[in-house]
Amino acid sequence: MVKNNKLLIMILTIGVFGIINTEMGVIGILPALADHFSVSVSKAGLLVSLFALVIAVSGPTMPLFFSGLDRKKVMLLVLGVFIIGNIVSIFTTNFTIALAARVVPALFHPIYCSLAFSVAGSSVRKEEAPKAVAKVFIGVSAGMVIGVPVASFIAGSMSLQLAMSFFAAVNIVAFIATYLFVPSMPVKEKLSYGSQLAILKKLITWQSIIAVVFLNSAIFGVYSYLAEYLTSVTSMSSASITIMLTVFGAANIIGNITAGKLLTNNARRTVIAFPFLLGAVYMVLFLFGHFSIPMAIITFIWGILAGVGGNINQYWIMSSSPEAPDFANGLFISACNLGTTIGAAAGGLFIAQLGIQYVVLVGFISLIFGTISILLRNYKYRSRTNQLAG
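If you're wondering where the values come from, they're calculated on a predicted model, not measured in any experiment.

Chemist: Could you give an account of the overall build of the chain, with specific residues and numbers?
Modeler: Scanning the chain from terminus to terminus reveals 16 helices and zero strands. Computed over its C-alpha atoms, the radius of gyration of the chain comes to 20 Å, within 12% of the 21 Å expected for a compact globule of 390 residues. Seen through its principal axes, the chain has C-alpha atoms that stretch 60 × 45 × 35 Å. If you take every contact in the chain between residues at least 6 apart in sequence, the share linking residues at least 24 apart comes to 84%. For the chain, the accessible area works out to roughly 16,100 Å², and carbon and sulfur atoms hold 71% of it.

Set out below in structure tokens:
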């Protein structure tokens, strides 16, 4: 049984990697995409922000609608849609069609990721759930450590079309692995829509959602433009940028492993400390981002914190509504992508008005609101606990 659990988690990690690779891989090739479609870098950023916006809208609803179906069949459906979208993206030369080829898969994105986190968490003992989910989160990091820099390298040394083909290939591998190795998973105890939607009546759920929106905005509002930042501010070559993106992604995996342990041992302290640590990193980035060696160190530490942050976001919402795990994970995905949408859009505005160096302001502003939301939830929760104890 233990071996089956480990194999299942590994396959889920591969599947999440395939999905996230499609979502985030374009970050490393935004300048190339802008040239290919003859649009500005900020407009090309729509390939990130619009994708995330669709996920934000479909996040709460799509996992809910598919919650009663066999989980393996649903996962295969989602991966199939992503494969088709990837293939269309390879051959189109029209920016509008490219956006459409990302919007349709984005509708199905929350279904797979929500199921992956729920299945991983339920495959182990309750107290070990954060560690199991952290392992699946490695798929997210792999999308950055492998997807983003590899796409950047292929686009720079070969062609943009081959870079887009890489996204399709990964999803095909994930589809085959899921088909061959993931067992049929029919839902034994289907929760009613009403019982799942009931978590939206709780104040703590909304406090958690707001915090996650701002925390993800703080991370991806800046990271979405990392390739452009390294080009314009740090003056790095395309080869060096690929290395830096790899460093960020590798650090993300370290962050995921670390987060599982931190959240298991002392979740509240970890959540409170996170925005202050990330804010310190952005301060150093703003001051020393034009130097290559300090930028490499900053990127490594930033990557670790980004990995920890993703796990914090999932834990923060799941811990507020454990009675409806699939729907709660859908809300988590929605909140994260709404944050990415807001952050990437705001980052584009700051870049257009002030220049690429000031994109860190998106991070600072988002962290301020995120910290306030975290402290408000902690205050309310502590007050309620004290009242019950009294």
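Chemist: Explain a positive patch on the surface to me, using residue names and the numbers behind them.
Modeler: On the surface, a cluster of positive charge is made up of Lys6, Lys131, Lys135 and Lys261. Secondary-structure assignment places Lys135 in helix α8 (residues 129-157). Take Lys135: its relative accessible area is 45%, and that puts it in the partly exposed class.

Chemist: Explain the packing of aromatic side chains residue by residue, including any values.
Modeler: Tallying each qualifying case throughout the model produces eleven aromatic pairs. Centroid distance Phe220 to Tyr223: 5.9 Å. Interplanar angle 75 degrees. Geometry classified as edge-to-face. Of this pair, Phe220 and Tyr223 both sit in helix α11 (residues 203-223), separated by three residues, roughly a single helical turn. Summarising the aromatic geometry, the rings of Tyr282 and Phe364 are spaced 6.3 Å apart at their centres and angled 90 degrees between planes, so their arrangement reads as edge-to-face. Remark: Phe364 occurs in helix α16 (residues 360-389) and Tyr282 occurs in helix α13 (residues 238-288); sequence separation between them is 82 residues. An aromatic cluster of at least three residues, connected via ring pairs, comprises Phe220, Tyr223, Phe248, Tyr282, Trp302 and Phe364.

Chemist: Describe a nonpolar patch on the surface, naming the residues involved and giving the relevant values.
Modeler: Taken together, the side chains of Leu7, Met10, Ile172, Ile176, Tyr179, Leu180 and Phe181 define a hydrophobic patch exposed on the protein surface, amounting to about 690 Å² of accessible area. Every element with two or more residues in the nonpolar patch is listed here: α1 (2-24) and α9 (160-181). Considering every element that reaches the nonpolar patch, the biggest residue donor is α9, with five residues. Judged by relative accessible area, which is 44%, Ile176 ranks as partly exposed.

Chemist: Describe the nonpolar core, listing the residues and the values that go with them.
Modeler: With 122 residues, the main nonpolar core has Leu12, Ile29, Tyr112, Tyr223, Leu278, Leu285 and Trp302 as its most contacted residues. If we skip the residues at most four places from it in the chain, Leu12 touches Met75, Tyr112, Ala116, Val119, Ala120 and Val136.

Chemist: With reference to specific residues and values, describe the side chain of Thr299.
Modeler: Examined against the element boundaries, Thr299 turns out to sit in helix α14 (residues 292-318). Residue Thr299 is classed as buried on the basis of its relative accessible area, which comes to 0%. Residues in contact with Thr299, not counting those within four places in the same chain, are Met244, Val247 and Phe248.

Chemist: Outline the packing of α11 against α14, listing residues and values.
Modeler: Put simply, α11 and α14 touch, their axes get as near as 10 Å, and they point 160 degrees apart. Accordingly, the angle class assigned to the pair α11 and α14 is roughly antiparallel. α14 is crossed by α11, and the crossing has left-handed handedness. Of the residues in α14, those in contact with Ser208, Ile209, Ala211, Val212, Leu215, Asn216, Ile219, Val222 and Tyr223 of α11 are Trp302, Ala306, Gly309, Ile312, Asn313, Trp316 and Ile317.

Chemist: I'd love a proper account of the packing of helix α6 (residues 71-91) against α9, names of residues and values included.
Modeler: Between α6 and α9, the least distance of the axes is 9 Å, while the angle of their chain directions is 165 degrees. Classed by the angle they form, the pair α6 and α9 counts as roughly antiparallel. Two packed elements cross with a definite hand, and for α6 against α9 that hand is left-handed. Contact with α6, carried on its side by Lys72, Met75, Leu76, Leu79, Gly80, Phe82, Ile83, Asn86, Ser89 and Ile90, involves Gln161, Met164, Ser165, Phe167, Ala168, Asn171, Ile172, Ala174, Phe175, Thr178 and Tyr179 of α9 and no other residues of that element. Of the residues that constitute the contact of α6 with α9, the class distribution is 13 nonpolar, seven polar and one charged.

Chemist: Help me get a handle on the environment of Ser184, residues and values and all.
Modeler: Its place among the elements puts Ser184 in the loop between α9 and α10 (193-197). Taking the relative accessible area as the measure of exposure, Ser184 reaches 51% and is therefore exposed. Linking Ser184 and Asp70, residues 114 residues apart in sequence, is a C-alpha distance of 6.8 Å.

Chemist: For unusual backbone geometry, give the residues involved together with the corresponding values.
Modeler: Its identity is not glycine, yet Ser38 carries a phi of approximately 55 degrees, on the positive side. Within the secondary structure, Ser38 is located in the loop between α2 (30-37) and α3 (41-44). Given a relative accessible area of 67%, Ser38 falls into the exposed group. Within the chain, Ser235 stands out as a residue other than glycine whose phi angle is a positive 55 degrees. Summarising the element assignment, Ser235 is placed in the loop between α12 (226-232) and α13. With relative accessibility at 57%, the residue Ser235 sits in the exposed group.

Chemist: I'd like a rundown of the environment of Lys202, residues and numbers included.
Modeler: Looking at where Lys202 falls in the secondary structure, it is placed in the loop between α10 and α11. Residue classification places Lys202 among the partly exposed residues on the basis of a relative accessible area of 26%. Considering only alpha carbons, one finds Lys202 and Ser321, 119 residues apart in sequence, at a separation of 8.7 Å. Among all residues touching Lys202, those that are not within four sequence positions of it are Ser320, Ser321 and Glu323.

What counts and how
- Positions within a chain are numbered from 1, following the residues in the order the chain's sequence is written.
- Only residues with pLDDT of at least 70 get local features here, since the model is predicted, and only at 80 or more are side-chain atom pairs given and counted; chain-wide, interface and lining totals rely on the full set of residues.
- Side-chain measures here rest on the full set of heavy atoms in the structure, leaving out hydrogens and waters.
- Numbering of helices and strands runs from the N terminus; a helix is a DSSP stretch of H or I covering at least four residues, while a strand is a stretch of E covering at least two.
- Within these notes, the globule rule equals 2.2 Å times the number of residues to the 0.38 power, and the radius of gyration is based on C-alpha atoms.
- Only heavy atoms enter the contact rule, under which two residues are in contact if any of them lie within 4.5 Å.
- Throughout, the Shrake-Rupley method with a 1.4 Å probe supplies accessible areas, and for residues the shown protein chains are the sole cover considered.
- Within the patch definition used here, like charges are joined within 9 Å and nonpolar side chains (Val, Leu, Ile, Met, Phe, Trp, Tyr) within 5 Å, considering only residues with over 30% relative accessible area and no salt bridge.
- Put simply, a salt bridge is a Lys or Arg side-chain nitrogen that is within 4 Å of an Asp or Glu carboxyl oxygen.
- Asp and Glu are treated as the negative residues and Lys and Arg as the positive ones, with His and the ends of the chain left uncounted.
- For this purpose, a charge sits on NZ of Lys, CZ of Arg, CG of Asp or CD of Glu.
- The cut-offs for exposure are 20% and 50% of the maximum accessible area for each residue type, with area from a 1.4 Å probe on protein chains only; residues under the lower value are buried, those over the upper are exposed, and the others partly exposed.
- Any Phe, Tyr or Trp ring, taking Trp's six-membered ring, that has another such ring centre within 6.5 Å forms a pair; planes under 30 degrees apart are called stacked, those over 60 apart edge-to-face, and the others tilted.
- Put simply, a nonpolar core is a bunch of buried Ala, Val, Leu, Ile, Met, Phe, Trp, Tyr and Cys residues held in one set by side-chain atoms that sit within 4.5 Å of each other.
- Axis geometry follows a simple rule: fit a line to the C-alpha atoms, using only the stretch in contact for helices, then measure angles between N-to-C directions, giving values from 0 to 180 degrees.
- Convention used here: angles under 35 degrees read as roughly parallel, angles over 145 as roughly antiparallel, angles from 65 to 115 as roughly perpendicular, and any remaining angle as oblique.
- Two helices that cross are described as forming a left-handed crossing if the nearer one is turned anticlockwise from the farther one by less than a right angle, and a right-handed crossing if clockwise.
- Lys, Arg, Asp and Glu make up the charged group, whereas Ala, Val, Leu, Ile, Met, Phe, Trp, Tyr, Cys and Pro make up the nonpolar group; the residues left over, Gly among them, are polar.

Treat this as a map of the structure, not an account of what it does.
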